[in-house]
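Chain residues, written in single-letter form:
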Amino acid sequence: MADHRYKVSQLLKGAFGVNSPVFVTEPLKKDPPATISFKGLEVMPNNHDSESLSWMGTPIIFAATFQGGSYRKYKLNGQTEMIDMAKFELPPATMFSFRRAKNIVKTNVLGASGTVKEIYGFDDWIIDVRGLALDEPKRTAAEQISTLLQWEELCDGINVSGKLFEQRKIDRVALSDWSDNITQAKPGVVAFSFSLSSDVPLELIMP
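Residues numbered from 1 in each chain as written. Predicted model: local features only at pLDDT ≥ 70, side-chain atom pairs only at ≥ 80, totals over all residues. Heavy atoms only, no water.

**Quick word on the pairing of strand S4 (residues 69–74)**
With six bridges joining them, S4 and strand S5 (residues 80–85) adopt antiparallel strand pairing. Along S5, the bridge assignment pairs Tyr 71 with Ile 83. (Pairing = 2+ DSSP bridges. Helix = DSSP H or I, 4+ residues; strand = E, 2+ residues; numbered from the N terminus.)

**Considerations on the nonpolar core**
One broad trend across soluble globular proteins is that nonpolar side chains are buried collectively. Residues Phe 66, Phe 96, Ile 127, Phe 165 and Phe 194 are the most contacted members of the largest nonpolar core, which totals 29 residues. Within the residue set of this core, elements represented by two or more residues are strand S7 (94–108), strand S8 (115–134), helix H2 (141–152), strand S9 (158–161), helix H3 (163–167), strand S10 (172–182) and strand S11 (189–198). Once you skip the residues sitting within four places of it in the chain, Phe 96 turns out to touch Phe 62, Ala 64, Leu 90, Ile 127, Asp 128, Val 129, Leu 164 and Phe 165. (Core = buried A, V, L, I, M, F, W, Y, C linked by side-chain atoms within 4.5 Å. Buried < 20%, exposed > 50% of the residue type's maximum accessible area, 1.4 Å probe, protein only. Contact = heavy atoms within 4.5 Å.)

**Some points on the pattern of salt bridges**
Counting across every chain of the model gives five salt bridges. The salt bridge partner of Glu 153 is Lys 73, with a shortest N-O separation of 3.3 Å. A residue pair is termed long-range when its members are at least 10 positions apart, and Glu 153 in the loop between H2 and S9 and Lys 73 in strand S4 qualify at 80 residues. Taking relative accessible area as the criterion, Glu 153 reaches 43% and is therefore assigned partly exposed. With relative accessibility at 24%, the residue Lys 73 sits in the partly exposed group. For Glu 136, the salt bridge goes to Arg 139, with nearest N and O atoms at 3.2 Å. Assessed through its relative accessible area of 12%, Glu 136 is described here as buried. Residue classification places Arg 139 among the partly exposed residues on the basis of a relative accessible area of 21%. Sharing partners across several salt bridges, the network here consists of Asp 156, Arg 172 and Asp 199. (Salt bridge = Lys/Arg side-chain N within 4 Å of Asp/Glu carboxyl O.)

This is the structure:
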């Protein structure tokens, strides 16, 4: 049976240059540390419950899922068709970065310092996604990338769920800027990245 253990921190560093922090708890000196007693202290409960577990039983704190359903896709003749997509959980080793701008008009004021700000609205959430597809007992890295490429080919908004998205009231996204590459000397590992932008349907609601 193949060994599916990976040093994810080293793989992320090789693929994206992400370094795991190293904390030195004791100063680098010869003097012995002071004796500190922690007697009587109580351990705080862990309030960061995991949303799901990986196949190894490790918690996935911020998981994300593309919800299944009917989506539009272009045919070879340029027309669109509806296809059914199954629910897909993004690989456990996936990182998300969120940012959003405000649409602000600034007006200079003569004889005074500063400007007058007029906020007209908010821009879309932009989510930078970077991750690693790793060989697992029930799905290979190549199969995960193949499924992600099927989602990338859609010409439709994608229904998404996950704690990070729920906090920002995002339930639908558009996928763009896809990239993937195979990590050198690491079989069964494929690095990928893409961008998501929040998609809010502006529908006319009749009273």
